[in-house]
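# Structural description and commentary
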Amino acid sequence: MEKAWTPTLGSAWWASTPNLPDTSKSRPLHKKDVSINFYEYADSAQENNEESLSSWMGQDPRRGVIRVYQPDSSYSEVVQCTLDTEGDEVMGRCLVAELYIHYGTGLVRQVHVWDKPLQMQNEFLKSLGFSNMRRIQKEGMRKDLAPLFKFVAGKEYGQNIQDTIQLTCIINIKELDALSYWSKRFSVLCGARLFVFSTSKPSGKLSYVVDLSGSTIAEYNSKKYLFCLKIISPKKQIALAFDTRFNMSRWIERASQVVSSHPLEINVSGCSLQKLPKYFFLNAHMTAINLSHNFMVEAIEEAERDSDGRELIEQDIGWIDDLSLFHNLASLSLSNNEFYHFPIALCRISTLEELDLSCNSIEVIPQEIQYLSKLTTLLLHANKLNSLPISITELKSLQTLVIAFNHFGELPIVLQDLPSLAILVASGNMISSIPKDFDIKNLQLLDLRLNKLTAGFSQANNLLSKLNVRGNSITEIDVKNLEHLQYLNCADNDLSLITLGNHPQMQILVARNNSITQLEISSLCKQLTSIDLSQNDLTSIPDNLCDLTSLEKLNVSGNRLNRLPTMIFLMPQLKVLKAARNDLETLPIRIGETCALQQLDIHGNHVSSLPAQLLFRATRLQVLNISSNKLTSLPILSPNDEGRSLVELYASDNQLEPALNIIAGFSKLKVLHLAYNGITNIPASLFRSLRDLEYINLSGNQLETLSDPTICSSLKYLLIHNNRLSALPTFSNTETLHALDASCNLITEIPKQEFRKLAHLDLSANPSLMSKSGGITYLNNRTSYCFEGIDGLNKPTVPDNVDVTMTTPHGNWTVGSAEFIGISSNELCTAQLKVMSLPGYPKEAIFALMDGGVSLNAVKLIKMKLLPTFIEEMKNNLSVKVDSSSRMKHFLQYLSHTFLSLHRSLGDVGRKYGSSMVLCHIQAQQNGLYNLNVSNTGLGEAVLFRKGKGIPLTTPHQPATNDDERRKLVGRKGFLSQDDRVNSSCATSRLLGCYHLAPQVIPAPSSSSLELGVADEYIVIGSDSFWKHLTHEQVLGELNRYPVPTEAAKRLRDMAVSYGCRGDISVLIIKLALGNQRQSVAAPSVQKTGEEEAADDDLEITNIDDLLSDIEEEEEGVANSIAMSKPKKQSRRRPQSGGGRPHSGGPMRHGHSSSESSGEDMAVGGGGGRQHASGHHSEASMVPAYSEGELLASPAPPQVKDYPSVTLPRNNKPSAPRNQGYEALKTSFEQTQSVPELASSPEPIGTHQLVQLNNRLSELSEEMHSGQSGKQANRLSYVKRSYQQLSNEEDN
């Protein structure tokens, strides 16, 4: 049994007399406050500064410090500890009797005398993702760790845990009748009941109980007392008088919360309880208690007794053992209580019917569970179980058993002997097969998703109605014996054939993402209402599918269909038909007169015409998606206005200018996508006819003018980028306008109009756009802006959140981006950071994309802090000396530490909000090549396109599709709900921020590195919403079609939206041009004498990878290079201009990591030759302490000239004539691919060079054996001496 008793100094003085003091005048004085401030008696060693503490910790990895805070104060002191230091010693040194841990989740845990505080702190830091022991020691010293984890010496004000469950007070009470009078009574408000005692002392007898459920709570006017409230319940009406308004307010608030609760049920989850308060047991008839997310423990095994058998120490009640005092308790939840074993005391609660012990660390279920004979529901998911006891068969009433996300390798045989078992959930285990003789007679629902099954459930079962085997490796499934099957989910397997025969009760079939080439469905499946066969290899659908008269939803997208059944539009109940991304050229022409179709999606096919009667007879059609086809016209409409029900029309990437008059007939239209249709003119009558429009996308056409679209009084989103517009339309109404994208046009000025309701404005790539004297200050400063490529922008008037992109001077990469607010969003919750040239490292860059989901709070902070945090961590990583064996492991720690530092720095914002992020660092090597280092948390993705193939760089942190991530989630006591949300709350298992979701959701990123080469073309970073709707092949196709990154980014974003993306979307494209990268970043060459050149020829040493660009330099040249790497006093503050930094390890050429992101452009630092002509950087340029606005004001390298608008051609069809602006844009873009190299100064020799030089020397020693020439021997001797000198310098 766990210990449960710890000595204390006692409670506050009013604990014995429940009448609370007037807290409106002063803060209550805790007992611990009576003692002298413990910090005045702190050990003198605590006064050591950070440097001496670091030195002390560095001597032993078992040492460390904890920071102990004074209650209700930001003041703290460090306490030196070892991993063996226990809680009583720490409390003794701090002169306090109680020590608490405050977690970022909001929970507070008391440190017991036997606990080891430093060990607890280290384990917490490791759970975040820190692995380096030296870094863990330093993190423990930080004050900004407090929002995540902190020690507090005593209770903080308002931390009385009992007050979160019960309120006790001595108050004046009277019944509301003529004969009653005020009397002072001791009263307890616990749960939904008020207990009133007969006297003012708690030792008195219980007088009566008032049920607050269904009662009315209100203030009461009394002539005698100022602060009164009345409670009017169905059985009793009373008035309560308090001495302060504060106390009355507390009681009113608590009573108001429970009036809708059941009087016999109580929820005390997340109250940091280790035991229940004694008055909790006044309600002995409680039937349901929720104690989840606490720290409940069992009592000590046996109290010490005297010779007569009497207990020497009277034990309090409130432990788990005492729950048996509730004689009617039927439902108990103890999930997330950090149990390492099953509490045996629970087996004494014989009345239990529902027991929840999920999300603990229980490894064994005891045999005593048989005593819970009335148990009907047992929840054991997210533990560490691998077997069940034989005694569980005694639970004859058990109907629901959940053993998901444990360590079961097979289904326990004992389950067959549970006669009442109807629901079995065993998902997320390691079950590889089901025994042939396995049979649970009354089983109705079986969930085996996310296991390792290779064969489906084929056992005969007369009652099984729901079967879920999604996410296994099943190659064939036989369900012919399951006659009563109603629901079958076999998605995400390896099926090639699916057969449904005699299943008259089948209603839902989900078989997406398999390899199905053949579908056999009997006409007997008359009850089928929904079929999902998307992402398979079907080339046709059987015609008898149309005999399923109850079918309402059919999804066959992502197959290879070349036709649909001829009778499909005659199906009487079919409401949703999705056949996108197939090979369809025509659609069936027969349309039923009573066609029930409400949604039709055929985007991404080759359809050239729609059935003539489709829009005439499909009078209920609300959503039509025909994007990316070959349409030039639309069929006629119904003559009845009632029949023109279309609300959303997605028709991008066609040739539909002739059909504008048809579109104008959809009077109820709210969403209209007509991008990339070659449209030259939009008649003003279109907007007048469609006054309900909220979303208009006319991008990628050839519009030169546009009439006022805001005559559509509800217009929120307007996209008109990539046209030939010379001016924005004159908006008559901007009150509802939420987002405007007019980039890549020929706009010359911003109109003087109010845009204060805008959440997003993009006017980038309008080369002639000039801001007038007023600049753009009249715009909303809370709006997200993008003004990249605007030469004439009045920069001093640009708000701090405006993007101004700088072009990299060396021309090795060019960047384009696009993002937009989703239809279902109120603000853009993504952000991008594009640092084209790192401060201090002008030939390197970082690109990041952040996605905050539904909130921008965390994203703003992350973007603001990312650059300085990244540079600081990169410098810290380089300063650490590691041996050659651990160099590669150490290499990418700066990326991981960047993420973890950002997570910590979110502070109070991180308690509630979070963000995914993808971070890419293009890192220059000494040999002229580049490394690409990538880290990510969340669901974003980065992809490198090399030789026409997409190489994922990031790891998707989605446990439903990632086995390794799911295994780690189970280790953190996590699980996936039916909709694949982590612990039913979050779509991913890793995020920055969201402290309240720990420990299941952590910030630790996945990192990888590879070497970039000439064959690498693009890096594409996209948000989760972007990659959900576009494949790698589709993205590569658009990149090849549109070589300008900005143009490609806009096009891809619009395509994703046209294909159904409704959330915020963000994409960042980096076009690589590394054909002459050696010349752009290689170390400078040194002049050689003729003799030395001859020696080089004899030696024939060439192409020494990742070292000095030419190892055959003269001795003087190498000596100069060595001299440059010496740690001079000034060199640390002023490194050479254009120089690369020393690397801590060699390049990692293989591997890739997971990522996600979104963001805003920023160019920092400029080019080495232009900005740092003096050849030096200041220290501030290494770790910038300036704001983003100051960064934007940095001198810019030469901008690309003439960046006019473009007209984008459509997919897979002859492009419309491009304007002169496009040709100029293309020419200017091509010029950036061959920007002359700027002069650079010699670069210092790095640590990784020594390792690779040593390897090369070993090779040379083997090649140059005893027969080598004198010159070769001298040369080898010289190189060895150089290596030794470099090694000595590195050690120093």
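Below you will find a few notes about this structure.

Cut-offs and rules
- Residue positions within a chain follow its written sequence, with the count starting from 1.
- Per-residue local features of the predicted model are confined to residues with pLDDT of at least 70, and side-chain atom pairs are confined, for both listing and counting, to 80 or more; whole-chain, interface and lining totals are unaffected and use all residues.
- For the side-chain quantities, the full set of heavy atoms in the structure was used; hydrogens and water were omitted.
- Strands are runs of DSSP state E lasting at least two residues, helices are runs of H or I lasting at least four, and both sets are numbered from the N terminus onward.
- Accessible areas in this description were obtained via Shrake-Rupley with a 1.4 Å probe; residue shielding takes into account the shown protein chains only.
- For two strands to count as paired, DSSP must find a minimum of two bridges between them.
- Structural elements are reduced to axes, namely lines fitted to C-alpha atoms, with helices fitted over the stretch in contact, and the angle between N-to-C directions of any two is expressed from 0 to 180 degrees.
- The contact criterion used is simple: two residues touch if any of their non-hydrogen atoms lie within 4.5 Å.
- Convention used here: angles under 35 degrees read as roughly parallel, angles over 145 as roughly antiparallel, angles from 65 to 115 as roughly perpendicular, and any remaining angle as oblique.
- By convention, the crossing between two helices is left-handed when the near helix turns anticlockwise from the far helix through less than a right angle, and right-handed when the turn is clockwise.
- Throughout this entry, Asp, Glu, Lys and Arg are counted as charged residues, while Ala, Val, Leu, Ile, Met, Phe, Trp, Tyr, Cys and Pro are counted as nonpolar. The remaining residues, Gly among them, count as polar.
- Three exposure classes are used, based on accessible area relative to the maximum for each residue type with a 1.4 Å probe and protein chains only: buried under 20%, partly exposed in between, and exposed over 50%.
- By this rule the span expected of a helix is its residue count minus one, scaled by 1.5 Å.

### Some thoughts on the overall build of the protein
On a plain count of helices and strands, the protein comes out with 25 helices and 49 strands. With an accessible surface of roughly 52400 Å², the protein has 48% of that area assigned to carbon and sulfur atoms.

### What about the sheet that holds strand E4 (residues 108-110)?
Overall, mixed pairing links the 5 strands, which are arranged E2-E1-E5-E3-E4 in an open sheet. At either margin of the open sheet sits one strand with a lone partner, and together these are strand E2 (76-82) and E4. The sheet shows a mean angle of 35° between the axes of neighbouring strands, taken without regard to direction. Where helix H2 (residues 50-58) meets the sheet, it contacts strand E1 (63-69) and E2, and its direction lies at approximately 135° from that of E1. This element, helix H3 (residues 87-94), spans E1 and E2 of the sheet and lies at about 140° to E2.

### Things to note about the sheet that holds strand E48 (residues 1065-1072)
The strand order E38-E48-E47-E43-E44 describes an open sheet built from 5 strands, whose pairing is antiparallel. Each edge of the open sheet carries a strand with a single partner, namely strand E38 (813-820) and strand E44 (949-952). This sheet shows a mean twist of 20° between the axes of neighbouring strands, independent of strand direction. Bridge analysis of strand E43 (residues 941-946) against E44 gives 4 bridges, and the strand direction is antiparallel. Residue pairing in the sheet places Phe945 in a bridge with Gly950 of E44. Along the sheet, helix H15 (residues 1032-1041) contacts E43, E44, strand E47 (1016-1022) and E48; its crossing angle with E43, the most-contacted strand, is approximately 60°. Contacting E38 and E48, helix H16 (residues 1045-1058) runs over the sheet at an angle of about 30° to E38.

### Notes on the packing of H15 against H16
Contact geometry of H15 with H16 gives a least axis separation of 9 Å together with a crossing angle of 140°. Regarding the angle of H15 to H16, the classification is oblique. Judged by the sense of rotation from one axis to the other, the crossing of H15 with H16 is right-handed. Facing H15, whose interface residues are Gln1034, Val1035, Glu1038 and Leu1039, H16 presents Ala1048, Arg1051 and Leu1052. Among the residues forming the contact of H15 with H16, the class breakdown is 4 nonpolar, 1 polar and 2 charged.

### Describing unusual backbone geometry
Cis geometry marks the peptide bond from Ala998 to Pro999; its omega dihedral reads 0°. We note that Leu95 has phi near 55°; this positive angle belongs to a residue other than glycine. In this structure, Leu95 sits in the loop between H3 and strand E3 (100-103). Looking at Leu95, the relative accessible area reads 42%, which means it is partly exposed. The backbone of Cys994 shows a phi angle near 50°, a positive value even though the residue is not glycine. In this fold, Cys994 is placed in the loop between strand E45 (992-993) and strand E46 (1006-1012).

### So, helix H12 (residues 893-905)
With 13 residues, H12 extends 18 Å between its outermost C-alpha atoms, agreeing within 8% with the 18 Å of an ideal straight helix rising 1.5 Å per residue. Gly907 sits one or two positions beyond H12 and adopts a positive phi of about 60°.

### Focus on the pairing of strand E6 (residues 166-175)
Buried residues dominate E6, accounting for 8 of its 10 residues. Sheet analysis places E6 next to strand E7 (residues 183-190), joined by 8 bridges and oriented antiparallel. Bridge pairing in E7 links Leu167 to Leu189. Bridging between E6 and strand E12 (residues 237-242) involves 4 bridges; their strand directions are antiparallel. Paired with Ile173 across the two strands is Leu240, which belongs to E12.

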